[in-house]
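# Survey of secondary and tertiary structure
Letter by letter, the chains look like this.
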Amino acid sequence: MKEILSGNEAIARGAFEAGCRVASAYPGTPSTEILENACTYPEIDASWAPNEKVALEVAIGASFGGARSMACMKHVGVNVAADPLFTLSYTGVGGGLVLVVADDPEMHSSQDEQDSRNYARFAKVPMLEPADSMECKEYTRMAFELSEQFDTPVMLRSCTRISHGKSIVEMGERITGLPEPKLVKNPAKLVMLPGNARVRHPLVEERTVRLSEYGDVSQLNRVEYRQKRIGVICCGVTYQYVREVLPDVSTLKLGMVYPLPKQLIAEFAAQVERLFVVEELDPFIEDQVRALGIAVTGKEIIPLCGELSPGRIRTAFASAGITPPKTASPGATNLALPPRPPNMCPGCPHRGVFYLLNRANAYVTGDIGCYTLGFMPPLNAMDTCVCMGASISNGSGIVRVLPPEEQRRIVAVIGDSTFLHTGVNSLMEMAWNRSPATVLILDNRITAMTGRQENPASGFTLDGEAAPQVSIPDLCRALGIRHVREVDPYDLEATKRALDEEMNRPEPSVVITTRACCLIKGEDRFEKGTMLRVDQDACTGCKACLRIGCPAIEWQPAPEGKKGKAFIDPLLCTGCTVCLQLCKFNAIGRAV
Amino acid sequence: MNSQITNILLVGVGGQGILLASEILSEAFMLAGHDVKKSEIHGMSQRGGSVVSHVRFGSQVFSPVVPEGEGDILFGFELLETCRYLPLLRPGASVIANDFRIPPPSVLLGQALYPEGLVESIRSQVSDFLLVDGLKLASEAGNPRAANTVLLGAVSNRLPLPEEIWLRALEKMVPKKALDINIKAFALGRSL
C-alpha cells in the first residue's frame, strides 16, 4: 500500500515497523510531528519529556531494558541532550536506540542553523541522512538494526525540507520476534566510572573504523555513474537538488554521513574527472574528503549559510562555468509590497503584557516561544533571546552589573513550557543568589509555538490522558522565591500593578500571568469572549488601540479632511478586551 | 529544467487553509498514478505570516521545492501574496487567484496602504490569469469557508486529471459533514 507521508510521519512509521517500543521527545520545529505520529501506534509508548536531555535519557533507559527506543528533537535540542549522548556512545545500547535530529537550515523557526552532523563526529556515533519520506522510513528501520549490530546509538538527521516535505511511501508491516525486554546486569559496560570508561573508549574508536568499512559496502551509500566529467558527493535533500539541476553528472549519494566510507569515496573520486561536494551548511564531508588527500571543490562555490535550493546550486555551478546561468522569469511586480511577518494571534494573552513592558521601560531578557514575537513593532518589548531557559539566568547576570536604579528595569520573560524545560534551574540560581530581577512567567497552559503540545503543567499527556499538573506558583516558592503572584493578563490594570510593585522590589520575585492560549482546542480550556466593535461615532482616531498590534484591529484611513477610525474585524476578534481597556473614549464595546 | 514535471505553488497567509489544499492536490496526483512531492514551512510562518507551499508531480520528482523560475501554476489565496511570489514562475505560467485581501501588519497600523493595482500588475505580466471571487461562489455552494475548494476547482481545469480522481481526493481529505458543500464548491470553480 502506498501513502503520501511527510518525513516526520515516515520516521514514526519506520519506528513502528522496526518494533520500537518507547519514544520520547520535547517538541521543536521541525521535529515535533514525529512523536505526535508515533503516538498513533498503540505498540509505541510515546510521551513528551520536559526537555531533550530527559527525552534521550528515557530512551536510554528503555534501551538498557532491552527495548528498541527513540528520542526526537530539533537541532538545538541536541545541545541540551549532548551530555547523555556522549556517554551513551561509550556504553552502547541494549535494544537499538535511534536519536532523530531535525536541522533547520535557513532558520525558518530557529535561533541558529547549527549542522548536527558535527555531533555525530564529536560523539563518535554513526549518522544516517534520508533524502525523501521513503528513505525516512527505511533508514529509521535500518538505524535500529545498525544500532544493535554495532552496539551504538545511531543518529538519524533530517532537515526542514525532509521533515515537512511529503512524498510517496510504500508501507510495510511491524517486525516480530524481537527479544522481550529484561533486566541485565552489566556494570562494566553501563556504569561509566573512569576505570570502566577507559576500557570502553578504544572500543568506540574501533567501532568507528568498522562502521566506515561497513559504509564502503552498505546499500546506504550509492554510486550512480552517468557522465564521468563531473562527480558530485551529496546527501539528504541536497541529492534531490543535484539530480534536479545536474541530471547528467555522476553522484555518490551518502546515506550514512558519518563515518564516511573512505574506500568508496576514493574509488568514486578516481572514476570522475572533477569532484565536487554539494552540502548544506558546514563543509563536513568536504573537509574529510580533503583530509584523504583527494582534490575537491565545495564551499568555494556552494553557500555556507542558509539552505540550498535548486536555484542556489544552479547559480553555484554557473559561477564555476559548468551550467548556463538561470533563464529569466516573468519578474517581480514594480509595486512596493509591504512585508507580512508572523504576529501574535488575535486574543493572544501575551499581547497586553508586552504592551505594559514597553510602557514600563523594562529591559526584557526574553526566551524561546510565541512570545519572542514581542520584540516586533509596535510592542518592541524584548531585548535579548539566546536559548531555552536563558531569560532568567541572563536577567540574573545582567542585574549584577547594573546600579540599583537600573536593576528594577530587568524583567525576564519566559513561557510555561520553556520554564519547565530549563528555566527551573535558572530560577533556582536567581533565588539562591538573590538576584534582584523580576521574572514574568507567561503561563498559557500549553506549548504553543510548536503547535500546542501538552507540557508537565498542562494536565495532559501526549496521548490526551489526564496527568498530574506541576503547580508553577508552588514550584517557584519551593525554589526559594518569597514573592510569587498570579494575575490575569487580560486585566491590564492588575497586571500593571503587579509589574510595577515587583519591578520595584529589591529582591527576586515572580509574576505569573495565567490565561490559556486562544488556540487551545476544547471549550473547557479556552473560553472565547464576546466579540468587540468600534463605535464609529465615539472613535476619535487617537490610535491608542493600535499600539498593541492586534491583527483584528485595522486602521481605516479617511478621505481628505476627515479623521481615520479604527475598525475591529468581527471574524478575527476573540473578545479579549485588551483594546477596550486602552480606549479612553469608550468607543470599543461588546458587539451585542 | 525538467519538462516532465508540473510545478504548482500555493501562496497566501498562514491560517487560510493552504496546507489542506496542497494535501488534496498531492493526494489527487498520487491517485492518478504520478510521483508527487510537496514542501512547506510550518512554525513561525503559521502566525499570520506569508506562506508558500510547493507541490510537484510527474513521472519522477526529485526536488521537493519548485526550482526558482519554473513554477507552472500559481494558486493564490490572497492578492498581495499572489503578487509577491510571481518571480517564482516561468514565462507563460498560469495564475489562479482568490479576489481577497488580508491587510499585513503595517497596513493594520496605518503606516502603509494596502497596495492598489495588484490585479492590473498581475494581468500585465501573466497572460493566463483567472481572478475568482471565491467567497461569493463558496457562499453559493453553501458555506463561505469552502472558498479554497472553489479555487481548487478552477485550478483543476489546468491539470490533466479526470474529474473522478478529484472527487476521490476530496472524499478522502475533506471531513464527511462538509463533503457535499465542498463537491458543489469544486464544481462551481471547475465551471469557470
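Calculation criteria
Residues numbered from 1 in each chain as written. Chains lettered and ligands numbered in written order. Predicted model: local features only at pLDDT ≥ 70, side-chain atom pairs only at ≥ 80, totals over all residues. Heavy atoms only, no water. Helix = DSSP H or I, 4+ residues; strand = E, 2+ residues; numbered from the N terminus. Rg over C-alpha atoms; globule rule 2.2 N^0.38 Å. Buried < 20%, exposed > 50% of the residue type's maximum accessible area, 1.4 Å probe, protein only. Contact = heavy atoms within 4.5 Å. Areas by Shrake-Rupley, 256 points an atom, 1.4 Å probe, with all protein chains shown as cover. Lys, Arg positive; Asp, Glu negative; His and termini not counted. Charge placed at Lys NZ, Arg CZ, Asp CG, Glu CD. Pairing = 2+ DSSP bridges. Core = buried A, V, L, I, M, F, W, Y, C linked by side-chain atoms within 4.5 Å. Domains from an automatic or database assignment. Buried area = accessible area lost by both parts, 1.4 Å probe. Axes fitted to C-alpha atoms, helices over the stretch in contact; angles between N-to-C directions. Parallel < 35°, antiparallel > 145°, perpendicular 65-115°, else oblique. Left-handed = near helix turned anticlockwise from the far one by under 90°. Nonpolar A, V, L, I, M, F, W, Y, C, P; charged D, E, K, R; others polar. Salt bridge = Lys/Arg side-chain N within 4 Å of Asp/Glu carboxyl O. Polar contact = N/O pair within 3.5 Å; in protein donor to acceptor, adjacent residues only side chain to side chain. Phe/Tyr/Trp six-rings, centres within 6.5 Å; stacked < 30°, edge-to-face > 60°. Expected span 1.5 Å × (residues − 1). Arc of directions from axis to C-beta.

## Considerations on the overall build of chain A
Within chain A, the secondary structure is distributed over 20 helices and 23 strands. Expected size for 592 residues packed as a compact globule is a radius of gyration near 25 Å; at 27 Å, chain A falls within 12% of this value. Seen through its C-alpha atoms, chain A measures out along the principal axes to roughly 80 × 65 × 55 Å. Here chain A holds 592 residues, and the buried ones make up 58% of them. Long-range contacts, defined here as pairs at least 24 residues apart, represent 73% of the contacts in chain A between residues at least 6 apart. On chain A, roughly 23700 Å² of surface is accessible, and the fraction owed to carbon and sulfur atoms is 54%. Here chain A contributes 62 positively and 69 negatively charged side chains, and the mean placements of these two sets differ by 3 Å.

## Considering the overall build of chain B
For chain B, the count of helices and strands is eight helices and six strands. Helices (α) and strands (β) of chain B occur, in sequence order from the N terminus, as β-α-β-β-β-α-β-α-α-β-α-α-α-α. Against the 2.2 N^0.38 benchmark of 16 Å for 192 residues, chain B shows a C-alpha radius of gyration of 16 Å, consistent with a compact globule. Along the three orthogonal principal directions, the C-alpha set of chain B runs to about 50 × 40 × 35 Å. For chain B, buried positions account for 60% of its 192 residues. A sequence separation of at least 24 residues applies to 65% of the contacts in chain B between residues at least 6 apart. About 7300 Å² of surface is accessible on chain B, with carbon and sulfur atoms providing 54% of the total. Between the averaged position of the 17 positive side-chain charges in chain B and that of its 19 negative side-chain charges there is a distance of 4 Å.

## Looking at the pairing of strand S8 (residues 165–170) of chain A
Within S8(A), five of the six residues are buried, which leaves it mostly tucked inside the rest of the structure. Sheet topology places strand S1 (residues 2–6) of chain A next to S8(A); five bridges connect them, and they run antiparallel. Each bridged residue has a counterpart across the sheet, and for A:Glu3 the counterpart in S8(A) is A:Val169. Pairing of S8(A) with strand S2 (residues 35–39) of chain B, which is carried by three bridges, proceeds in the antiparallel orientation. When the bridges of S2(B) are listed, A:Lys166 appears paired with B:Lys38.

## Some thoughts on the nonpolar core
Residue and element names in this part refer to chain A. Phe-354, Leu-357, Phe-419 and Leu-427 are the most contacted members of the largest nonpolar core, which totals 79 residues. Take this core: its biggest share by element is six residues, from helix H17 (residues 416–432). Both domains that meet at this core, namely domain 3 (351–514) and domain 4 (532–590), each give it at least three residues. Ignoring anything within four residues of it in the chain, the contact list for Phe-354 reads Met-344, Tyr-371, Gly-374, Leu-379, Ala-381, Met-382, Val-413 and Leu-442.

## Some points on the interface of chain B and chain A
Counting from both sides, the interface comprises 58 residues of chain B and, opposite them, 57 residues of chain A. Across the interface of chain B and chain A, roughly 4700 Å² is buried in total on both sides, 60% from carbon and sulfur atoms. Secondary structure elements with two or more residues in the side of chain B that touches chain A: helix H1 (18–31), S2, strand S3 (50–58), helix H2 (79–84), strand S5 (89–98), helix H3 (105–108) and helix H4 (118–125) of chain B. Top contributing element to the side of chain B that touches chain A by residue count: S2(B), with five residues.

## Here we look at the packing of H1(B) against helix H7 (residues 163–173) of chain B
Residue and element names in this part refer to chain B. At a closest axis distance of 9 Å, the pairing of H1 and H7 adopts a crossing angle of 130°. As judged from the angle between their axes, H1 and H7 are oblique. Where H1 crosses over H7, the two elements pack in a sense that is right-handed. Touching Leu-20, Glu-23, Ile-24, Leu-25, Glu-27, Ala-28, Phe-29 and Leu-31 of H1 are Ile-165, Trp-166, Arg-168, Ala-169, Leu-170, Lys-172 and Met-173, all from H7. Taken together, the residues of the contact of H1 with H7 break down into 11 nonpolar, no polar and four charged.

## What to know about the sheet that holds strand S9 (residues 221–224) of chain A
All names here are of chain A. Sheet architecture is open: four strands sit in the order S9-S11-S10-S13, paired in mixed fashion. The open sheet has two edge strands with one neighbour each: S9 and strand S13 (274–277). For this sheet, the mean angle separating the axes of adjacent strands, direction not counted, is 15°. Where S9 and strand S11 (residues 249–254) come together, four bridges link them in antiparallel fashion. Bridge pairing links Asn-221 to Leu-254 in S11.

## Notes on the domain arrangement of chain A
Residues and elements named next belong to chain A. Along its sequence, chain A is carved into domain 1 (2–217), domain 2 (221–319), domain 3 (351–514) and domain 4 (532–590). Taking only C-alpha atoms, the centre of domain 3 and the centre of domain 4 are 29 Å apart. On the domain 4 side, the residues contacting the 10 residues of domain 3 number 11 residues. Taking both partners together, domain 3 and domain 4 bury about 890 Å²; carbon and sulfur atoms supply 61% of that area.

## What about the side chain of A:Asp104?
All names here are of chain A. By secondary structure assignment, the location of Asp-104 is in the loop between strand S5 (97–103) and helix H5 (117–123). Within the buried set, Asp-104 has no salt-bridge partner at all; the shortest N-O distance to an opposite charge, 5.0 Å, is to Lys-74. Side-chain polar atoms of Asp-104 contact the side chain of Ser-110, separated by 2.6 Å. Excluding residues within four positions of it along the chain, Asp-104 makes contact with Pro-30, His-75, Ser-109, Ser-110, Asp-112, Glu-113 and Thr-160.

## Digging into the sheet that holds strand S7 (residues 154–159) of chain A
Residues and elements named next belong to chain A. What the seven strands build is an open sheet, ordered S3-S2-S4-S5-S7-S6-S12; its pairing is mixed. Each of the sheet's edge strands pairs with one partner strand only, and the pair in question is strand S3 (45–48) and strand S12 (256–258). Examined bridge by bridge, strand S6 (residues 127–128) and S12 share two bridges and lie antiparallel to one another. Pairing of Met-127 across the sheet is with Tyr-258, part of S12.

## Points about the packing of aromatic side chains
Two descriptors summarise a pair of aromatic rings, namely the distance from one centre to the other and the angle between the planes of the rings. Taken as a whole and assessed by the stated rule, the structure comprises 11 aromatic pairs over all chains. Ring centres of A:Phe86 and A:Phe122 lie 4.6 Å apart, and the angle between their planes is 85°; this geometry places the pair in the edge-to-face category. Of the two residues, A:Phe86 is situated in helix H4 (residues 75–91) and A:Phe122 in helix H5; the sequence distance between them amounts to 36 residues. Exposure remark for A:Phe122: the relative accessible area of 57% places this residue in the exposed category. Aromatic ring contacts, followed pair by pair, group B:Phe29, B:Phe57, B:Trp166 and B:Phe186 into a single cluster.

## Let's talk about helix H13 (residues 310–319) of chain A
Along H13(A), the residues classified as buried are A:Pro310, A:Gly311, A:Ile313, A:Arg314, A:Ala316 and A:Phe317. Contacts from the buried residues of H13(A) go to strand S10 (227–235), helix H10 (237–245) and S13 of chain A.

## What about helix H3 (residues 52–64) of chain A?
Residue and element names in this part refer to chain A. Across its 13 residues, H3 extends 18 Å between first and last C-alpha, which sits within 8% of the 18 Å expected from 1.5 Å per residue. Of all the residues in H3, the buried ones are Glu-52, Ala-55, Leu-56, Ala-59, Ile-60, Ala-62 and Ser-63. All buried residues of H3 fall inside an arc of 165° around its axis, so they share one side. Buried positions along H3 lie against strand S2 (22–25), strand S4 (69–74), H4, S5 and H17. Where H3 begins, one side-chain oxygen reaches toward the backbone nitrogen of Lys-53, 3.0 Å away; that side chain belongs to Asn-51. Trailing H3 by a residue or two, Gly-66 shows a phi angle of about 100°, which is positive.

## Considerations on the packing of helix H15 (residues 390–399) of chain A against H17(A)
Residue and element names in this part refer to chain A. It is at 7 Å that the axes of H15 and H17 come closest, and there the two elements cross at 20°. Compared by their axis directions, H15 and H17 come out roughly parallel. Each of Ile-392, Ser-393, Gly-395 and Ser-396 in H15 lies in contact with H17, whose residues at this interface are Phe-419, Gly-423, Ser-426, Leu-427, Glu-429 and Met-430. Of the residues that constitute the contact of H15 with H17, the class distribution is four nonpolar, five polar and one charged.

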